[in-house]
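Working through the structure, step by step
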Amino acid sequence: MLRLGIALLTLLYLLPLNAHQHPELEWCLDDHPYWHFYPDDGEPYGQTVDLMQTIAERAGIKLRYSPNTPFYRCLQQMQLGQTDLMASLHFSSERAKFMHFIPYDKARPEAIFLLKETTDITSWQDLLEVRVGIIKDYFYTDELNQQLAINHRKTVEVERLDDAFALLLLGKVDAVIGPAQSSINVIQHNPRFHQRFKQASYQFIFNHAQTINLAMSRLSPHQELLPKFQQVVEQMVENGEVEKYRIVLTSLD
């Protein structure tokens with residue numbers, strides 16, 4: 001009986017220790033075609049999911065998926081400390097007030113998309129003359145925001161990237177400015193959009209390079225894990241491992 005009691009006490013002692021060694025953190029995410037998919041009847045899957053699982057395993061944590069949550073709501077939850085992690089985020093000084101950022105890839109500049117049959121946009125002046133769809137809650141670089149402010153009377157703000165391309169298809173806007181890779185992913189993923197759009201010749205050139213980041217809420221109860229996340233991500237970037245999770249489609253063709 002004495003041995004049994006000692007064994008039970010040892011087990012009780014180890015249980016909270018093991019729980020502490022493998023804390024569970026929530027990753028807030030939505031359905032983001034190509035990078036990751038969140039089906040109605042299953043768990044998310046895709047390149048970013050594989051990347052996050054690898055990071056979690058090496059950081060010694062258990063990763064819990066949020067329900068399929070709109071991007072803007074994930075940001076709100078991060079600000080309130082109601083979730084722990086987000087991925088594939090652009091850095092901004094405003095977001096940095098409530099999130100820690102860990103860069104793992106370079107961001108491509110935003111691109112301009114048009115209906116295939118319309119006249120090309122080859123200059124900034126051309127862009128000023130058309131109605132432009134932009135995405136609410138998407139972080140455009142400060143340089144681009146300043147340029148868009150000049151043309152604010154001809155900008156149309158929409159909730160989602162899919163909605164912007166639907167408006168473009170219906171002729172409600174003449175162009176869409178969106179994240180280059182995500183825009184291509186959305187077009188390729190939606191049969192209605194196949195072979196309907198082209199990328200404008202005019203390309204934005206910015207002075208400051210942007211990054212793609214893993215982010216942790218500053219109100220997450222797991223702040224002690226931040227250095228471990230940073231170490232794991234930095235090692236994966238340095239040895240080229242992240243690249244296999246960031247395979248991209250480079251054009252609409």
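Our subject is the structure that appears above.
In short, a report on the structure. (Residues numbered from 1 in each chain as written. Predicted model: local features only at pLDDT ≥ 70, side-chain atom pairs only at ≥ 80, totals over all residues. Heavy atoms only, no water.)

Description of the packing of aromatic side chains
- The final tally for this structure, using the stated rule, is eight aromatic pairs.
- Between F113 and F165 the ring centres are 5.6 Å apart and the planes differ by 75°, which places this aromatic pair in the edge-to-face class. On the criterion of sequence distance, the pair formed by F113 in strand β5 (residues 111-115) and F165 in helix α6 (residues 161-170) is long-range, its members being 52 residues apart.
- Taking relative accessible area as the criterion, F113 reaches 0% and is therefore assigned buried. (Phe/Tyr/Trp six-rings, centres within 6.5 Å; stacked < 30°, edge-to-face > 60°. Helix = DSSP H or I, 4+ residues; strand = E, 2+ residues; numbered from the N terminus. Buried < 20%, exposed > 50% of the residue type's maximum accessible area, 1.4 Å probe, protein only.)

Remarks on the packing of α6 against helix α7 (residues 180-189)
- Two numbers describe how α6 lies on α7: the axes approach to 10 Å, and their chain directions differ by 65°. Considered as vectors, α6 and α7 are oriented roughly perpendicular to each other. The handedness of the crossing between α6 and α7 comes out as right-handed. Of the residues in α7, those in contact with L161, D162 and F165 of α6 are S182, S183, V186 and I187.
- Considered class by class, the residues forming the contact of α6 with α7 number four nonpolar, two polar and one charged. (Axes fitted to C-alpha atoms, helices over the stretch in contact; angles between N-to-C directions. Parallel < 35°, antiparallel > 145°, perpendicular 65-115°, else oblique. Left-handed = near helix turned anticlockwise from the far one by under 90°. Contact = heavy atoms within 4.5 Å. Nonpolar A, V, L, I, M, F, W, Y, C, P; charged D, E, K, R; others polar.)

Points about α7
- Taken across its ten residues, α7 has eight buried, putting it largely inside the fold.
- When α7 is considered as a whole, its buried residues turn out to be A180, Q181, S182, S183, I184, N185, V186 and I187.
- In this structure, the buried residues of α7 make contact with β5, α6, β8 (175-178) and β9 (197-199).

Structural notes on helix α3 (residues 71-80)
- Of the residues making up α3, those classed as buried are C74, L75, Q77 and M78. Along α3, the residues classed as buried sweep out an arc of 165° about the axis, all on the same side.
- Contacts from the buried residues of α3 go to β1 (24-29), β3 (85-90), β4 (99-106) and β10 (211-217).
- Where α3 terminates, the next one or two residues include G81, which has phi positive at roughly 75°. (Arc of directions from axis to C-beta.)

Brief notes about the nonpolar core
- Judged by nonpolar contacts, the single largest core of 36 residues is most densely connected at I112, I121, L127, F165, I177, F197 and F204.
- Among the secondary structure elements, those contributing two or more residues to this core are β5, α4 (124-128), β6 (132-135), α5 (142-150), α6, β8 and α7.
- Judged by nonpolar contacts, the second largest core, of 29 residues, contains Y38, V49, Y65 and L225. (Core = buried A, V, L, I, M, F, W, Y, C linked by side-chain atoms within 4.5 Å.)

Quick look at the sheet that holds β9
- The five strands are arranged β7-β6-β8-β5-β9 in an open sheet whose pairing can be described as mixed. In the strand order of this sheet, the two ends are held by β7 (155-158) and β9, each with one partner. Across the sheet, the axes of successive neighbouring strands diverge by a mean angle of 30°, strand direction being ignored.
- Here β5 runs beside β8; their pairing, made up of three bridges, is antiparallel. Directly across from A111, in β8, lies its bridge partner G178.
- Running over the sheet, α7 touches β5, β8 and β9 and is turned about 30° from β5. (Pairing = 2+ DSSP bridges.)

Details of unusual backbone geometry
- Of note, the phi angle at S88 is positive, near 60°, even though the residue is not glycine.
- Relative to the elements of secondary structure, S88 occurs in strand β3.
- We classify S88 as buried; its relative accessible area is 19%.
- One non-glycine residue, Q195, adopts positive backbone phi at about 60°.
- Here Q195 is to be found in the loop between α7 and β9.
- Given a relative accessible area of 58%, Q195 falls into the exposed group.

This is a description of form; function is not addressed.
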